[in-house]
Amino acid sequence: MAIGACPLTKVDKILIATDGSEAAKFAAQAAVELAKPCGSTVYAICVAEVPIFAAEFVETLPQLIDAIEKRAKQALNDVKAVADKVGVKCETISYTGPEPYKYIVDEAIKNSVDLIILGKKGVMLGAVGKKVIGNAPCKVLVVPVGATLNFDKILIATDGSVYSQIAASEAIGIAKRFNSELIAVSVAKKDENIPYAEESVKMVKEAAEREGVKIQTVVAKGEPFEQIVDVANKNAVGLIVMGTYGRTGIEKFFMGSVTERVIGTSARPVIVVRKK
């Protein structure tokens, strides 16, 4: 699908993390589709992952390293070819080492990127993806295999927290630029949480209406991630927008568990907006 206008605010630089898999190729396609109307530069990064335990055998296993690096080079060439085809500027970055998420996050910080795009196959985001989202300095878009970027209908999940309000502001901005239909959902686990959920969607509704954005609100009851995915499916939304916790220290890479579970179970693209 060709995107006519740039849906997001300020996406001068997009970082795509690839490992050459089907999921990564799908994400690369989405990155280029987004970069074209936004005039973004794409940075493609691939980390040839050498497990920590293999480090001591590096001298005796040059063939292993060589094979891993060759695969990484091919993965980057594939992304560059997709970008070149439509005239999107693409720079490639490669590393060899353990813990790929650290290199991905470091490059995002170093290049002041505005958006990281990750692929996902089935329910597998993988440990690297989870840690990237938890530690990213910017928005992260997760694109499942088979999904297309579509901004006609956007779902914003809110719990009334400051993290949700920042995500809602992003969702409203996209909806305004694309004349999208916006659906705000808040989930109450128990009956006594319903007034709070109602207040949460009301805040988003008022903010959207101030911007002239059409919005409907849904208050659901049950397990939050299941209800959010259910509402997204019933309304055939093209994008789910969520916040994450901006915690620090050892807990930093555990994103909000609801956000993590929505990403894991939804077949729709999810953008995670974080508190600066």
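Up top you'll find the structure we're talking about.
All figures in this text were calculated on a predicted structure; none of them were measured in a lab. (Residues numbered from 1 in each chain as written. Predicted model: local features only at pLDDT ≥ 70, side-chain atom pairs only at ≥ 80, totals over all residues. Heavy atoms only, no water.)

1. Side note on the overall build of the protein
Put simply, the rule reads: Only DSSP runs of H or I with at least four residues qualify as helices, and only runs of E with at least two residues qualify as strands; both kinds are numbered from the N terminus onward. Throughout, the radius of gyration refers to the C-alpha atoms, and the reference size of a globule is 2.2 Å times the residue count to the power 0.38. Relative accessibility under 20% of the residue-type maximum defines a buried residue, over 50% an exposed one, and the middle range a partly exposed one, all with a 1.4 Å probe and only protein chains included.
Check the secondary structure of the protein and you find 8 helices and 10 strands. Here the C-alpha atoms of the protein give a radius of gyration of 19 Å, agreeing with the 19 Å that 2.2 N^0.38 yields for 276 residues. When the backbone C-alpha atoms are referred to their principal axes, the protein occupies close to 65 × 40 × 30 Å. Burial status across the protein gives 49% buried among its 276 residues.

2. Some points on the state of the cysteines
Chemically, a disulfide is nothing more than a covalent bond linking the sulfur atoms of two cysteines. Put simply, the rule is: Working definition: a disulfide is two cysteine sulfur atoms within 2.5 Å of each other.
Inspection of the entire model under this criterion finds 1 disulfide. At a sulfur-sulfur separation of 2.0 Å, the disulfide partner of Cys6 is Cys38. Here the disulfide of Cys6 and Cys38 is right-handed, its torsion about the S-S bond being about 90 degrees. Of the two residues, Cys6 sits in the segment before strand S1 (13-17) while Cys38 sits in helix H1 (residues 22-38), which places them 32 residues apart along the sequence. In this pair, the class of Cys6 matches that of Cys38, namely buried.

3. Quick look at helix H7 (residues 224-234)
Stated precisely, the cut-off is as follows: What the arc covers is the set of directions going from the helix axis to the C-beta atoms. Contacts: residue pairs with any heavy atoms within 4.5 Å of one another.
Regarding H7, the residues found buried are Pro224, Phe225, Ile228, Val229, Val231 and Ala232. Buried residues of H7, seen end-on, are gathered within an arc of 160 degrees and therefore sit on one face of the element. Each element contacted by the buried residues of H7 is listed here: strand S6 (153-157), strand S7 (181-188), strand S8 (215-221), strand S9 (239-243) and helix H8 (257-265). Backbone geometry just downstream of H7 places Ala236 in the positive-phi region, at approximately 50 degrees.

4. Here we look at the packing of aromatic side chains
Put simply, the rule is: Ring pairs shown here join Phe, Tyr and Trp side chains whose ring centres sit within 6.5 Å, with only the six-membered ring taken for Trp; geometry is labelled stacked below 30 degrees between planes, edge-to-face above 60, and tilted in between.
Counted under the stated rule, the structure contains 2 aromatic pairs. Note on Phe151 and Phe178: the rings are 5.0 Å apart at their centroids and 45 degrees apart in plane angle, and the pair reads as tilted. Of this pair, Phe151 sits in the loop between strand S5 (139-144) and S6 while Phe178 sits in helix H5 (residues 162-178), placing them 27 residues apart in sequence. Of the residues examined, Phe178 reaches a relative accessible area of 24% and is grouped as partly exposed.

5. Considerations on helix H3 (residues 100-110)
The set of residues buried in H3 consists of Pro100, Tyr101, Ile104, Val105, Glu107 and Ala108. Buried residues along H3 cover an arc of 160 degrees about the axis, so they all sit on one side. When the buried face of H3 is taken as reference, the exposed residues oriented beyond 90 degrees from it are Ile109 and Lys110. Looking at the buried positions of H3, the neighbouring elements they touch are S1, strand S2 (41-49), strand S3 (90-97), strand S4 (115-120) and helix H4 (126-135). Positive phi appears at Ser112, one or two residues downstream of H3, with a value of about 50 degrees.

6. Observations regarding the packing of H3 against H4
Our working definition: With axes taken as lines fitted to C-alpha atoms, and helix axes fitted only over the stretch in contact, angles between N-to-C directions fall between 0 and 180 degrees. Crossings are classed by handedness, with left-handed meaning an anticlockwise turn of the near helix from the far one by less than a right angle and right-handed meaning a clockwise turn. Under this grouping Gly is polar, as are all residues other than the nonpolar Ala, Val, Leu, Ile, Met, Phe, Trp, Tyr, Cys and Pro and the charged Asp, Glu, Lys and Arg.
At a minimum axis distance of 9 Å, the contact between H3 and H4 shows a crossing angle of 35 degrees. Every pair of crossing elements has a handedness; the one defined by H3 and H4 is right-handed. For the pair H3 and H4, contact is made by Pro100, Tyr101, Ile104 and Val105 and by Val128, Lys131, Val132 and Asn135, respectively. In the contact of H3 with H4, the residues fall into 6 nonpolar, 1 polar and 1 charged.

7. What about the pattern of salt bridges?
Two side chains carrying opposite charge are able to pair once their charged atoms lie near each other. For clarity, the cut-off: Salt bridge criterion: a side-chain nitrogen from Lys or Arg within 4 Å of a carboxyl oxygen from Asp or Glu.
Taken as a whole and assessed by the stated rule, the structure comprises 17 salt bridges. Notably, a salt bridge pairs Asp84 with Lys80, separated by 3.3 Å at the nearest N-O pair. Here the residue Asp84 and the residue Lys80 both occupy positions in helix H2 (residues 62-85), the gap between them amounting to 4 residues, near one helical turn. With relative accessibility at 45%, the residue Asp84 sits in the partly exposed group. Judged by relative accessible area, Lys80 falls into the partly exposed class, the value being 30%. Its salt-bridge partner being Glu206, residue Lys202 comes within 3.7 Å of it at the nearest N-O pair.

Honestly, that's just the spatial picture; any functional story needs more than this.
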